[in-house]
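# Residue-level structure breakdown
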Amino acid sequence: MRFARFRALLVVSVLCIGAGISVWVAVESDTQADGQRSQCDDDAILIETDPEKVPATTEIEVVVLNATDRAGLAETVKDQLEDRGFSVLETDDSDAEVPDSAQVTFGAEQYLAGVHTKAYFYRGEMDFQADWDKPITIVVGDAFDQVKRTDEALRTFGQASSIQEPEGTCSID
């Protein structure tokens, strides 16, 4: 083998090894997967806020509780929610005091589903509890009249300037 050919093979080999090392270093030091987390406080609870990931009502399971003196109200709300595609797991009475039409309680794992569910209630209020591990719970109050129609709820949901993250949380959208 001639010296020029040997030198060319040596240069190509060194370049290939250098390229391999560069790729390995780039992959090992990539922080894109951790990018969202690096913008958050270490103790922040991560929640999904991407509007394109809002679940359909057919994917949302709820519990309906009646906090009023109106007998059968939880069943009425259940029927209206099921007409809109929700899956109602349970209905019952509650001793809670709800001054508005409804209080929708949900946790970090259900954040988008909870915000979507709340959009179905006139003057409803959200009760985000980071450690909530139960289904989304709707406590119906004295101001309840009816569940919004789907088009009204979607309009309300769409008019929100953006989905806000509660204190102590960080968006991973």
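Just above, that's the structure.
Helix and strand counts for the chain come out as five helices and seven strands. The order of α-helices and β-strands along the chain, N terminus first, is α-α-β-β-α-β-β-α-β-β-α-β. The C-alpha atoms of the chain give 26 Å as radius of gyration, which overshoots the globular expectation for 173 residues (16 Å, by more than 25%). Its C-alpha atoms give the chain principal-axis dimensions of about 100 × 30 × 30 Å. Pairs at least 24 apart in sequence give 75% of the contacts found in the chain among residues at least 6 apart. Side chains of the chain carry 14 positive and 34 negative charges; the gap between the two charge centres is 14 Å.

Now for helix H4 (residues 111-118). Where burial is concerned, most of H4 is hidden: seven out of the eight residues are buried. Those residues of H4 that fall on the buried side of the exposure criterion are Tyr111, Leu112, Ala113, Gly114, Val115, His116 and Thr117.

Looking now at the pattern of salt bridges. Inspection of the entire model under this criterion finds three salt bridges. Here glutamate 152 and arginine 149 are joined by a salt bridge, their closest N and O atoms 4.0 Å apart. Each of Arg149, Asp151 and Glu152 takes part in a single network of salt bridges with overlapping partners.

Before going further, it helps to examine the nonpolar core. One finds Val62, Val64, Val77, Leu81, Phe121 and Ile138 to be the most contacted residues of the largest nonpolar core, which totals 30 residues. Mapped onto this core, the elements with two or more residues apiece are strand S2 (61-66), helix H3 (73-83), strand S4 (102-106), H4, strand S6 (136-140) and helix H5 (150-159). Beyond its immediate chain neighbours, meaning those up to four positions away, leucine 81 contacts Val62, Val64, Phe86, Val88, Phe121, Ile138 and Val147. Counting residues in hydrophobic clusters, the runner-up holds five residues, among them Leu65, Ala67, Val98 and Val139.

Rules of the game
Residues numbered from 1 in each chain as written. Predicted model: local features only at pLDDT ≥ 70, side-chain atom pairs only at ≥ 80, totals over all residues. Heavy atoms only, no water. Helix = DSSP H or I, 4+ residues; strand = E, 2+ residues; numbered from the N terminus. Rg over C-alpha atoms; globule rule 2.2 N^0.38 Å. Contact = heavy atoms within 4.5 Å. Lys, Arg positive; Asp, Glu negative; His and termini not counted. Charge placed at Lys NZ, Arg CZ, Asp CG, Glu CD. Buried < 20%, exposed > 50% of the residue type's maximum accessible area, 1.4 Å probe, protein only. Salt bridge = Lys/Arg side-chain N within 4 Å of Asp/Glu carboxyl O. Core = buried A, V, L, I, M, F, W, Y, C linked by side-chain atoms within 4.5 Å.

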